[in-house]
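So the chains spell out like this:
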Amino acid sequence: MTDEEWMRWALRLAESARGQTSPNPLVGAVVVRDGEIVGQGAHLRAGGPHAEIHALRMAGERARGAVMYVTLEPCDHHGRTPPCTRALIEHGIARVVVAMVDPDPRVSGRGIARLREAGIAVDVGVLEKEARELNRGFLRRVVDGRPWVTGKAGMTLDGHIATWAGDSRWITGEEARRDVHRIRAEVDAIITGIGTVLADDPLLTARAVPPRGGHPVRVVLDSRLRIPDAAKILDVSEAPTVVCCLEGADPARAEMLRSRGVEVWTFPEAGGGVDPAAVLRRLAERGVCYVLLEAGGKVQGSFLRAGLVDQVLLYLAPKLLCGEGIPAFAGRGVERLGEAVSLDIRSVERIGKDWKVDALVRYPGEGAGEGDVYGHH
């Protein structure tokens, strides 16, 4: 088998832990000797052994003189676990094939340099695009200081998420809703707006597909702390909740929420409400790599206009509201077509009676090469 084929195996191992490693990246490792896998592993959770360690433990003495394929540069620093470079050297690995350099400044290039200093041959860049795609949330957090944001909307073919009277249950079918639960199980946080809480009283947990890494933190944008006392999302017995408000919000109300185990984050006013970029920065500091935006048209539109949505998942129901309705992306739209947000559609999939469109977001003026760090092209 070729280096690319072994690396694909390592990438599949890494993907198997999706939804349970943040703030750490997904990493897979394979130890190959004489054309045979003698060790393999994936990083399963933050604070646990890295993929390289799992693979070396499985290989044992057979690691000496073998080749390791790893999807991310091995670390060379003491964090919550010892450096992987030392283990590779001690086990006598002869060659290391790395998909991509780790952008974390504690690692970047140092792990590769350490291995080469020890006489280990290192090749870098095998299936690098695929490796970047695998960890686009980790990269977004480390490089840009915010999580990867996916905007999700269940909508009619004429672009509405509810009727003019606010009726929205259910636009899409049961199969589509179950798919959303699967996605919730893979993200670190879900952001919604107070309008959605008031209209739908959602739980925003991954009930249909229990997450291996715990339910994502639920984040409510609620400038004036209007959230009802009986809102389901305030029950933190299964999943944590953060309410984001403005500095002038009622302090007694904020204290009441905290007494129920809800985190309350306050922000200075920005454009009449809570600044989406500030919320994302705070989430990144918390270690959040992936955010699902499950909100009404006003919040979805504000994140898009701020250039903060990386990807959209549109669940299209074969229905028409035949006139006025609540749009999936609200607010003042663009004046000229040249200002429109473009979508690079990656897939269109039938789910039950509905259609799911998965697309990457392209903003006006974004060059063809931009986004490469996240494996777009």
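Residues numbered from 1 in each chain as written. Predicted model: local features only at pLDDT ≥ 70, side-chain atom pairs only at ≥ 80, totals over all residues. Heavy atoms only, no water.

### Some remarks on unusual backbone geometry
Most of the time, phi is negative for any residue but glycine, and the peptide bond is trans. Where we set the bar: Each helix is a run of DSSP H or I of at least 4 residues and each strand a run of E of at least 2, with the numbering of both proceeding from the N terminus.
Geometrically, the link from serine 22 to proline 23 is a cis peptide bond, its omega value of 10 degrees lying close to zero. Residue leucine 127 is not a glycine yet carries a positive backbone phi of 55 degrees. Positionally, leucine 127 belongs in the loop between β5 (121-124) and α5 (128-134). One non-glycine residue, leucine 225, lies in the positive phi region at around 55 degrees. On the secondary structure map, leucine 225 appears in the loop between β9 (217-221) and β10 (241-246).

### Looking at helix α6 (residues 136-144)
For the record, the criterion: Partly exposed describes any residue whose relative accessible area lies between the buried limit of under 20% and the exposed limit of over 50%, with all areas from a 1.4 Å probe on protein chains only and scaled to the type maximum.
Among the residues of α6, those classed as buried are Arg136, Gly137, Phe138, Leu139, Arg140 and Arg141. Backbone geometry just downstream of α6 places glycine 145 in the positive-phi region, at approximately 75 degrees.

### Some remarks on a nonpolar patch on the surface
The cut-off we apply is this: Residues qualify for a patch when their relative accessible area is over 30% and they have no salt bridge, like charges being joined within 9 Å and the nonpolar side chains of Val, Leu, Ile, Met, Phe, Trp and Tyr within 5 Å. All accessible-area figures derive from a Shrake-Rupley calculation using a 1.4 Å probe, and residue coverage is judged against the displayed protein chains alone. A pairing counts as a salt bridge when a side-chain nitrogen of Lys or Arg comes within 4 Å of a carboxyl oxygen of Asp or Glu.
A cluster of nonpolar side chains, contributed by Val341, Leu343, Ile345, Val348 and Trp355, occupies part of the molecular surface with about 440 Å² of accessible area. Looking at the secondary structure, you find tryptophan 355 in strand β16 (residues 354-362). A relative accessible area of 38% means that tryptophan 355 is categorised as partly exposed.

### Points about the side chain of glutamate 73
Rules: Under the counting rule used here, the positive set is Lys and Arg, the negative set is Asp and Glu, and His together with the chain ends is not counted. What qualifies as a polar contact is a pair of N or O atoms within 3.5 Å, subject to a donor-acceptor requirement within protein and to the restriction that residues adjacent in sequence count only when both atoms come from side chains.
Here glutamate 73 shows up in the loop between β3 (67-70) and α3 (84-90). An unpaired buried charge is present at glutamate 73: no salt bridge exists, and arginine 110, the closest side chain of opposite charge, is 8.1 Å distant. Here glycine 111 takes part through its backbone nitrogen, which lies 2.9 Å from a polar atom of the side chain of glutamate 73.

### What to know about the nonpolar core
Rules: Side-chain atoms within 4.5 Å are what join buried Ala, Val, Leu, Ile, Met, Phe, Trp, Tyr and Cys residues into a set we call a nonpolar core. Residue contacts are defined here by distance: any two heavy atoms, one from each residue, within 4.5 Å place the two residues in contact.
Counting 47 residues, the largest nonpolar core has Met7, Val31, Leu56, Met68, Ile93 and Val96 as its most contacted members. In terms of residues, this core owes the most to one element, helix α1 (residues 3-15), which gives six residues. Residues contacting leucine 56, with those up to four places away along its chain left out, are Val31, Ala63, Met68, Ala87, Leu88, His91 and Ile93. Ranked by size, the runner-up nonpolar core spans 36 residues in total, among them Ala153, Leu283, Ala295 and Val299.

### Notes on the sheet that holds β5
Put simply, the rule is: Only strands joined by at least two bridges in the DSSP assignment are considered to pair. Orientation is described by axes fitted as lines to C-alpha atoms, over the contacting stretch for helices, and by angles from 0 to 180 degrees between their N-to-C directions.
Strand order in the open sheet made by the five strands is β2-β1-β3-β4-β5, with mixed pairing throughout. Edge positions in the open sheet fall to β2 (36-42) and β5, since each of these has one partner strand only. Pairwise comparison of adjacent strand axes, ignoring direction, gives a mean angle of 15 degrees for this sheet. Strands β1 (28-33), β2, β3 and β4 (95-98) of the sheet are contacted by α1, whose axis makes an angle of about 140 degrees with β1. Sheet strands in contact with helix α4 (residues 110-117) are β4 and β5, and its direction is about 150 degrees off that of β5.

### Examining the pairing of β2
Direction of pairing for β1 relative to β2: antiparallel, over a ladder of six bridges. Among the inter-strand pairings, arginine 33 is bridged to a residue of β2, identified as glutamate 36.

### Observations regarding the pairing of β5
Selection criterion: Think of it like this: strands point away, you trace from the first strand over the helix to the second, and a clockwise trace means the crossover is right-handed.
Two elements, β4 and β5, share four bridges in a ladder whose sense is parallel. Along β5, the bridge assignment pairs valine 97 with aspartate 123. Each parallel crossover has a hand, and for β4 linked through α4 to β5 it is right-handed.

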